[in-house]
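Inside the fold
Each chain, written out:
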Amino acid sequence: MNDDLRNILLGVIAAGVSAALGWLARTSLWRRGLRRKQRFFGLPGNSECLLVVNREAGGDGAVARNDVFALLELSALVKDCGAHAQILPADTAQQGIGERTEFCVGGPASNRRMGAHLQSLLPGVDVNTDVEPGPDRTAFQIGSERYRLESGRLAHVLLARLTAQPGARPVFLFCGQQSITNQAASRYLARNHEKLARKYGDKSFCLLLKVVNSQAYGPDVVELVADVTRAAQTPIPAPRTSHRADR
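Described below are features of the structure shown in this document. Going along each chain's sequence as written, the residues are numbered from 1 onward. Per-residue local features are limited, in this predicted model, to residues with pLDDT of at least 70; the limit for side-chain atom pairs, both in listing and counting, is 80 or more; totals at the level of whole chains, interfaces and linings are taken over all residues. Calculation of side-chain values draws on the structure's entire complement of heavy atoms; hydrogens and water are dropped beforehand.

Another point: the pairing of strand β9 (residues 205-212). When a strand is regular, its side chains alternate between the sheet's two faces. Counting buried residues along β9, six of its eight residues qualify, which places the element largely inside the surrounding structure. Only strands that DSSP links by at least two bridges are regarded as paired with each other. Helix and strand assignments come from DSSP, with helices taken as H or I runs of at least 4 residues and strands as E runs of at least 2, each series counted from the N terminus. Pairing of strand β7 (residues 154-162) with β9, which is carried by eight bridges, proceeds in the antiparallel orientation. Among the inter-strand pairings, Leu154 is bridged to a residue of β9, identified as Val212. Only protein chains enter the calculation, and the probe is 1.4 Å; a residue is then buried if its accessible area is under 20% of its type maximum, exposed if over 50%, and partly exposed in between.

This is the structure in C-alpha cells:
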C-alpha cells in the first residue's frame, strides 16, 4: 500500500469516526432534552394525559375556535413527549388530580373543573363570572390586585403548573379572560417550556400573562406581567365585619 492510498484510507476512517461521534453527541443531547421535557410535563414515554376543554359560552356544546387551536398546540407537546392524550369536556371530567398529567383550558364560567382547580390549588385567585356587562366582568382578583379585560386591546390569562402533592403528576391551567388568551397561553408554553423548566424544574408556578391587541395580532403578542405564584396560593382574606357593643 503506497502512501497516497494510506492517507486516503486514514482520512476516510477519521471522517467516519468524527461523524459517528457527532451523531452520538447529538443523540445524547436530544435524549437529555427529551427527558427534561418529559419530566417538566410529567409525561414519560407511552404515558397518558387529559386535555380538559370548556364549552363555548352561549353555544350549543361546541368548543370555541381558539380553544381548538389551544388543544392543537398542547397535543403537539404531548406527542413530542411520546405520550397519549385523552380529550374530555369539562362537564364530564370527574377524575382526581395527580394520577395523570392534566391540561385544563378555559375560565371557571364555562369550565367548572377549572373553578374547582382554582378553589383548591389557587385560593388567592378570584375570577368575576357575572353574566351582566360591567367593567369588572371576567376580571381577575389576585391577592390585592385586580386585572380587568379591555376587549380587543388588552386581556389577561393565567398559565400555571401545579401539583397537589410531591411526586404527583402536574396540572397545567390555561385560564383566560377570552378564548384567544387560552390559545396565547398554550403557545407561550410551547415556545418557552425549556426556559420554564430550567427556572422552575418540577416546582409549581403561576404566571400572569397579558395578550396585547388581539384584534390585530391574534394570540402572538404575549407579555409576562408577573410571577404571581405566592399571591395566587395564599387564600384571599374574608371581608372584615365590625360589631359595636351595646352600651
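After presenting the structure, the write-up continues.
Let us now look at the packing of helix α2 (residues 65-80) against helix α4 (residues 179-200). Note on definitions: angles span 0 to 180 degrees between N-to-C directions of axes, and those axes are lines fitted to C-alpha atoms, for helices only across the stretch in contact. Between α2 and α4, the least distance of the axes is 7 Å, while the angle of their chain directions is 20°. On the basis of their axis angle, the class for α2 and α4 is roughly parallel. Two packed elements cross with a definite hand, and for α2 against α4 that hand is left-handed. When α2 is examined against α4, the residues Asn66, Asp67, Phe69, Ala70, Glu73, Leu74 and Leu77 are found in contact with a partner set consisting of Ser179, Ile180, Asn182, Gln183, Ser186, Arg187, Leu189, Ala190 and His193. Three classes are used: nonpolar for Ala, Val, Leu, Ile, Met, Phe, Trp, Tyr, Cys and Pro, charged for Asp, Glu, Lys and Arg, and polar for all others, with Gly counted as polar. Split into classes, the residues belonging to the contact of α2 with α4 amount to seven nonpolar, six polar and three charged. For classification, angles of less than 35 degrees are called roughly parallel, those exceeding 145 degrees roughly antiparallel, those between 65 and 115 degrees roughly perpendicular, and all remaining angles oblique. Each crossing is labelled by how the near helix is turned from the far one, with a counterclockwise turn of less than a right angle marking it left-handed and a clockwise turn marking it right-handed. Contacts: residue pairs with any heavy atoms within 4.5 Å of one another.

Moving on: the environment of Arg112. Here Arg112 lies in helix α3 (residues 112-121). A C-alpha to C-alpha distance of 6.5 Å links Arg112 and Ala90, two positions 22 residues apart in sequence. Ignoring any residue separated from it by four or fewer positions in sequence, one finds Arg112 in contact with Ala90, Asp91 and Gln94.

Right, let's talk about the packing of aromatic side chains for a bit. Any two of the Phe, Tyr and Trp rings considered here, Trp counted by its six-membered ring, make a pair once their centres fall within 6.5 Å; the pair's planes then place it as stacked at under 30 degrees, edge-to-face at over 60, or tilted in between. Overall, the coordinates contain seven aromatic pairs when judged by the stated rule. Arranged with centres 5.1 Å apart and planes meeting at 15°, the rings of Phe103 and Phe172 form a pair that is stacked. Here Phe103, found in strand β3 (residues 101-105), pairs with Phe172, found in strand β8 (residues 171-176); they are 69 residues apart in sequence, far enough to count as distant. Pairing Tyr200 with Phe205 gives two aromatic rings, centres 4.5 Å apart and planes at 25°, and the pair type is stacked. By the ring-pair criterion, three or more aromatic residues cluster together here, those being Phe40, Phe41, Phe103, Phe172, Tyr200 and Phe205. In this arrangement the basic side chain of Arg161 is found over the ring face of Phe40, its NZ or CZ atom lying 5.4 Å from the centre. The rule is short: NZ of Lys or CZ of Arg within 6 Å of the ring centre and within 35 degrees of the ring normal puts a charge over the ring.

We call a set of buried Ala, Val, Leu, Ile, Met, Phe, Trp, Tyr and Cys residues a nonpolar core when their side-chain atoms join them within 4.5 Å. Counting residues in each nonpolar core, the largest one holds 29 residues, and the members touching the most others are Phe40, Phe41, Leu43, Leu74, Phe103, Phe174 and Leu189. Looking at this core, the elements with two or more residues in it are α1 (3-41), β1 (48-53), α2, β3, β7, β8, α4 and β9. The biggest single contributor to this core is α4, with seven residues. With sequence-adjacent residues up to four places away left out, Leu189 is seen in contact with Phe40, Phe41, Leu74, Leu77, Leu159, Phe172, Phe174 and Leu196. Leu50, Val127, Leu162 and Cys175 belong to the second-largest nonpolar core, a separate cluster that totals 24 residues.

The next point concerns the sheet that holds strand β4 (residues 125-127). Taken together, the three strands give an open sheet; going across it, the order is β4-β5-β6, and neighbouring strands pair in antiparallel fashion. Strands at the two margins of the open sheet, each flanked by one partner only, are β4 and β6 (145-147). Across the sheet, the mean angle from the axis of one strand to that of its neighbour is 20°, orientation sign disregarded.

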